[in-house]
Amino acid sequence: MENSLLYFFRGNFRRNRKLIFNICSQLTIMERNFTGDLRNLPDGTNVIIMGWAQEIRSLKNLVFVVIRDSTGQVQATFKRENFSNMDQLSTLSRESVIRVEGKLNLQSKSKAGFEVEASSINVINVSESPLPLGIIDPVEADFETRLNNRFLDLRKPVKGSIFRIKSSMLWGIREYLHQQNFIEVQTPKIVAAATEGGADLFPVEYFEKEAYLNQSPQLYKEILIASGIDRVFEVGPAFRAEEHNTVRHLNEFTSVDIEMGFSDHHSAMSMLENAVKKGIENVLKTNSSDLQALGLKIESPKVPFPRISYEECRKIASSNGVEIPFGEDLSVEALKFVGEKFHDFYFIVDWPSSLRPFYTMPKEEDDRYTNSYDLQYREKEITSGAQRVHNPDLLTKRFMEKGLKPENFEFYIKAFRYGMPPHAGWGLGLERLLMILLDLQNIREATLFPRDRTRIVP
RNA sequence: GCCCCGGUAGUGUAGUGGCCUAUCAUACAGGCCUGUCGAGCCUGUGACUCGGGUUCAAAUCCCGGCCGGGGCGCCA
């Protein structure tokens, strides 16, 4: 890897020796101004802008170049009277990386009200043309074209906003969990056993053994409860080999998981609604310009979120003419009726045992139901959680009821035999939450490089 | 896994058997224009997913492949 990089530089060096000398000296000696800071500098300041040539408009004695960097954009004006090398600009292509030096003009006639009166330009790296995808073209490309050229797609400021928001939302959630004495952990993604059965796992060749990509950190975070760490959370990839083809499923997504010892589903739900609230509040605090760019007005959700039982949902569906037999999952159609009644966030609690995995704690008073919950936003499921079974005998029984062989999970059950506290937790789909927060129509919009039924490149 | 739909210049589209030498916009190349800012005007380059079939004639109809989109199921 390092060698190939070296050869790349050597090759380029030979071809563009002069250019590289030029760039290196500039990058190290000179400071760089961000376009987002220009407004606050004194008029006439000498500035250096580095970024992409977003737009080039040339008139006879005048060329305008709009430069975009990570903080915004600015127009650089080249006048024949104070810029000798106008011919240099005729070859400039859109999206080339450039460095422009000039004087800041805060009284400019441009619409932005400020511009840079350019005195020099260096083309640091040329962009080929035509572009596979226009950054500022009035026609929006198909999503497939955009994903195939994702690095260009992400140059559009609104696309960047999505991922800045994703980052601060996660930051807010992390901060909250830290305050609540959780520690962040990393568990294996290459595993031997299925979490909840073997159907939807990606097999991987692991030397002489068969292994899988983990669909959830569930078993490992429970084992950590037996380790005495007590409160853990993990942010990591989860892999599902389901052949779904929808706007809200990915085959690789980011799961935010927590598990807490000496705890039940009620305190886990409280932790969840507060984590979501803090994540959103951190977005409100840090991303006002991104939200503005996306044309969104968002409010912090009120906690606690409503709790609605599975049985109530069935009744709501039934009163709208949709019958869900006991023990069957609530269909999208049914959830739409529930979502009409409880918009925004709400919990569906007390799911039947038949719909929940083996590790879910049955209700003491009626074991047809469980101490489980889903966090919903209208008809969309964001999070699934529950109090877990902590008694090893009950756990073994539940394995068998689900048609799973307890001996395949010996490494897991063993952790329950030597003192396992009662515990509860949840797993939250980060992209789903972002999708809901930003009203994105496709979960792939909330993913830099989505992995779906057919896409593994780029 | 099931059902429905689509594939035309770099990008996005119009075109449902002959009027297609394939529309329009944008991008791209060249030219004009002293301040543009969705700049404007002129000129130019550039495309029917692949294979087979039907027909005097196929972008258009039929079959298959490949690629993609949407819905459901399942899930986060």
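Attention here is on the structure that accompanies the text. Note that this is a predicted model, so its numbers are computed, not measured.

Reading the values: the criteria
Residues numbered from 1 in each chain as written. Chains lettered and ligands numbered in written order. Predicted model: local features only at pLDDT ≥ 70, side-chain atom pairs only at ≥ 80, totals over all residues. Heavy atoms only, no water. Buried < 20%, exposed > 50% of the residue type's maximum accessible area, 1.4 Å probe, protein only. Helix = DSSP H or I, 4+ residues; strand = E, 2+ residues; numbered from the N terminus. Arc of directions from axis to C-beta. Contact = heavy atoms within 4.5 Å. Polar contact = N/O pair within 3.5 Å; in protein donor to acceptor, adjacent residues only side chain to side chain. Axes fitted to C-alpha atoms, helices over the stretch in contact; angles between N-to-C directions. Parallel < 35°, antiparallel > 145°, perpendicular 65-115°, else oblique. Nonpolar A, V, L, I, M, F, W, Y, C, P; charged D, E, K, R; others polar. Near = heavy atom within 4 Å.

**Overview of helix α12 (residues 392-401)**
- Within α12, burial applies to P392, L395, R398 and F399. Take α12 and look down its axis: the buried residues cluster within an arc of 120 degrees, on one side only. With respect to the buried face of α12, the exposed residues turned more than 90 degrees away are D393 and M400.
- Contacts made by the buried residues of α12 are with α13 (410-413).
- Regarding α12, its N-cap is N391, as a side-chain oxygen of that residue lies 2.7 Å from the backbone nitrogen of D393 further along.
- Downstream of α12 by a residue or two, G403 has a phi angle that is positive, lying close to 75 degrees.

**Some points on the packing of helix α10 (residues 310-319) against helix α11 (residues 332-341)**
- Packing of α10 against α11 brings their axes to within 9 Å, and their N-to-C directions diverge by 100 degrees. The orientation of α10 with respect to α11, classified from their angle, is roughly perpendicular. Contacts from C313, I316 and A317 in α10 reach A334, F337, V338 and K341 in α11.
- Looking at side-chain class alone, the contact of α10 with α11 contains six nonpolar, no polar and one charged residues.

**Here we look at unusual backbone geometry**
- A cis geometry characterises the amide bond from V303 onward to P304, with omega recorded as -5 degrees.
- Here P304 lies in the loop between α9 (288-293) and β12 (307-309).
- Looking along the chain, the bond that leaves V457 and enters P458 is cis, with omega of -5 degrees.
- Turning to its location among the elements, P458 is positioned in the segment after α14 (430-438).
- In the Ramachandran plot, D350 falls in the positive-phi region, its phi being about 60 degrees despite a non-glycine side chain.

**A few points about the environment of G72**
- As for its position among the elements, G72 is in strand β3 (residues 72-79).
- It is 33 Å that separates the C-alpha atoms of G72 and D344, two residues lying 272 residues apart in sequence.
- Not counting the four nearest positions on each side in its chain, G72 is found in contact with T35 and I67.

**Structural notes on the protein's contact with RNA strand B**
- Inspection of the region around RNA strand B gives 48 residues, with E55, K79, E243, I382 and R432 positioned closest.
- Counting only atoms of RNA strand B within 4 Å of the protein, the sugar-phosphate share comes to 55%.
- A distance of 2.6 Å separates a phosphate oxygen of RNA strand B from a polar side-chain atom of T145.
- Take T383: an N or O atom from its main chain is 2.7 Å from a sugar or linking oxygen of RNA strand B.
- Of all the elements in the fold, those that place two or more residues in the surface near RNA strand B are β1 (46-58), β2 (62-69), β3, α4 (143-148) and β15 (380-387).
- For the surface near RNA strand B, the leading source of residues is β15, giving four residues.
- When grouped by side-chain class, the residues that make up the surface near RNA strand B number 15 nonpolar, 15 polar and 18 charged.

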